[in-house]
Amino acid sequence: MTALGLPDTIQACLFDLDGVVTKTAVVHAAAWKETFDAFLRGHEGQRPFDPVADYDEYVDGRPRADGVRAFLGSRGIQLPEGTPDDPPDAPTVHGLGNRKNELLLEKIRTDGVEAYEGTLRYLEAVLAHGLRTAIVSSSANCRDVLRSIGAEHFFDVRIDGVVAAERRLPGKPHPDTFLAAAHDLGVEPASAAVFEDALAGMDAGRAGRFGYVVGVDRVGQTDALYAHGADTVVKDLAELGGKE
């Protein structure tokens, strides 16, 4: 293993955003809960959205519309698809997803965004060691979030919700966004490491046959991260090293 805590065959590092670089996973969970709880009040007998269990299983790391479909499917509820331009009060998959995004942006504007300092230090070390980097996120707000914390310069490539839509790449747990990042960096998947906190991201790393998959456990789900394909699990990237 290198000083970065990675196999010496790794040439590039592919980082998820929410929960790995930024402390926004909890904000996403809160926005999803507010969105789904309001919706479920119109469906008798439905229990509220669980911001831990339901979030981890059905929406974390997935594109918004996929998260809506997965969660509602778990409750036996189907909605019309609608279109990506649906207003946030539309009773459609996209409408519900747009309501969540509206709430998320409100929370970010009100409370701001924080970065994980351990991740920023690790990114500095990764660049100092000459490895290439990509940010891989299902969020359409990825670039704005990176700019808000002054972290855009850390990444050679950005594959986010906007790029995925343009290229018609399916989101996590499919590996396509990570594979696109490796391709754009000019490396084979076997020479790239994936850094993820979401179970869907672990599944993507395993499905894409990446050289190393690092699970970042912010919420006490170490066993689940291993079960979904992590090669190692840390609570903070600082644990991997990065110092000579």
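The text that follows walks through the structure, step by step, so that each part is easy to find. Everything numeric in this text was worked out from a predicted model, so none of it was measured.

### Regarding the packing of aromatic side chains
- In this structure the tally under the stated criterion is nine aromatic pairs.
- Relative to Phe36, the ring of Trp32 has its centre 5.1 Å away and its plane inclined at 10 degrees; by these criteria the two rings are stacked. Of this pair, Trp32 and Phe36 both sit in helix H1 (residues 25-40), separated by four residues, roughly a single helical turn. Comparing Trp32 with Phe36, the two get one shared label, buried.
- With centroids separated by 6.0 Å and ring planes inclined at 70 degrees, the aromatic side chains of Phe178 and Phe210 adopt a geometry described as edge-to-face. With Phe178 in helix H8 (residues 176-185) and Phe210 in the loop between helix H9 (199-207) and strand S5 (212-216), this pair connects stretches of sequence that are 32 residues apart.

### Remarks on helix H3 (residues 64-74)
- Among all positions in H3, only Ala65, Gly67, Val68, Phe71 and Leu72 are buried. Down the axis of H3, the buried set is contained in an arc of 160 degrees. They therefore lie on one face.
- Those residues of H3 hidden inside the fold are in contact with H1, helix H2 (53-59) and helix H4 (93-111).
- Backbone geometry just downstream of H3 places Gly76 in the positive-phi region, at approximately 70 degrees.

### Notes on the nonpolar core
- Residues Leu6, Phe15, Tyr122, Phe195 and Leu237 are the most contacted members of the largest nonpolar core, which totals 37 residues.
- Of all elements in the fold, only strand S1 (12-15), H1, H4, helix H5 (117-128), helix H6 (142-148), strand S4 (192-196) and S5 reach the threshold of two or more residues within this core.
- In terms of residue count, H5 provides more of this core than any other element does, five residues in total.
- If near-sequence neighbours (up to four positions away) are discounted, Phe15 is found in contact with Val20, Val21, Tyr122, Leu123, Val126, Thr133, Ala134, Ile135, Val136, Phe155, Phe195 and Leu237.
- Of all hydrophobic cores here, the second largest spans 17 residues; its members include Ala12, Val163, Val194 and Ala204.

### Focus on the pattern of salt bridges
- The final tally for this structure, using the stated rule, is 17 salt bridges.
- The closest approach of N and O atoms between Lys107 and Glu34, which form a salt bridge, is 3.4 Å. Residue Lys107 is located in helix H4, and its partner Glu34 is located in helix H1; the two are separated by 73 residues in the primary sequence.
- Glu34 sits in the partly exposed class, given a relative accessible area of 38%.
- When the shortest N-O distance is used, the salt bridge between Arg147 and Glu152 registers 3.0 Å.
- Residue classification places Glu152 among the partly exposed positions, given a relative accessible area of 28%.
- Each of Asp16, Lys172 and Glu196 takes part in salt bridges that share partners, so that together they form one network.

### Let's talk about the sheet that holds strand S2 (residues 132-136)
- Reading across the sheet, the six strands line up as S3-S2-S1-S4-S5-S6 and stay open at both edges, with parallel pairing between neighbours. The two strands at the open ends of the sheet, each matched to only one other strand, are strand S3 (157-159) and strand S6 (232-234). With direction set aside, neighbouring strand axes in the sheet form an average angle of 20 degrees.
- Seen against the sheet, H5 touches S1, S2 and S4 and runs at an angle of roughly 155 degrees to S1.
- The sheet strands contacting H8 are S1, S2, S3 and S4, and the helix crosses S2 at an angle near 150 degrees.

### What about the pairing of S5?
- In terms of burial, S5 is largely enclosed, as five of its five residues are buried.
- Residues Tyr212, Val214 and Val216 of S5 are buried on one face, and the alternating residues Val213 and Gly215, pointing to the opposite face, are buried as well.
- Here S4 pairs with S5 via four bridges, running parallel. Bridge pairing in S5 places Ala193 opposite Tyr212.
- With H9 bridging S4 and its parallel neighbour S5, the resulting β-α-β unit is right-handed.
- Sheet topology note: the S5/S6 ladder contains three bridges and is parallel. Paired with Gly215 across the two strands is Val233, which belongs to S6.
- Handedness of the crossover is the feature at issue here: the chain leaves S5, passes through helix H10 (residues 222-227), returns alongside S6, and the resulting connection is right-handed.

Cut-offs applied
Along each chain, residue indices are assigned from 1 in the same order as the chain's sequence is written. Totals for whole chains, interfaces and linings use all residues, but because this is a predicted model, local features are given only for residues with pLDDT of at least 70 and pairs of side-chain atoms are given and counted only at 80 or more. Hydrogens and water molecules were not included; the side-chain quantities draw on all heavy atoms of the structure. Two rings from Phe, Tyr or Trp (for Trp, the six-membered ring) form a pair when their centres are within 6.5 Å of each other. A pair whose planes differ by under 30 degrees is stacked, one over 60 is edge-to-face, and the rest are tilted. Secondary structure elements follow DSSP: runs of H or I no shorter than four residues count as helices, runs of E no shorter than two count as strands, and numbering proceeds from the N terminus. The rule is simple: take the accessible area with a 1.4 Å probe, protein chains only, and divide by the maximum for that residue type; under 20% is buried, over 50% is exposed, in between is partly exposed. Think of the arc as the fan of directions from the helix axis to the C-beta atoms. By definition in these notes, contact holds between two residues if any of their heavy atoms fall within 4.5 Å. Residues grouped as a nonpolar core are buried Ala, Val, Leu, Ile, Met, Phe, Trp, Tyr and Cys residues, joined through side-chain atoms within 4.5 Å. Counted as salt bridges are all cases of a side-chain nitrogen of Lys or Arg within 4 Å of a carboxyl oxygen of Asp or Glu. We treat two strands as partners when DSSP finds at least two bridges between them. Inter-axis angles, ranging from 0 to 180 degrees, are taken between N-to-C directions of lines fitted to C-alpha atoms, where helices are fitted over the stretch in contact. Clockwise travel from the first strand over the helix to the second, with the strands pointing away from the viewer, marks a crossover as right-handed.

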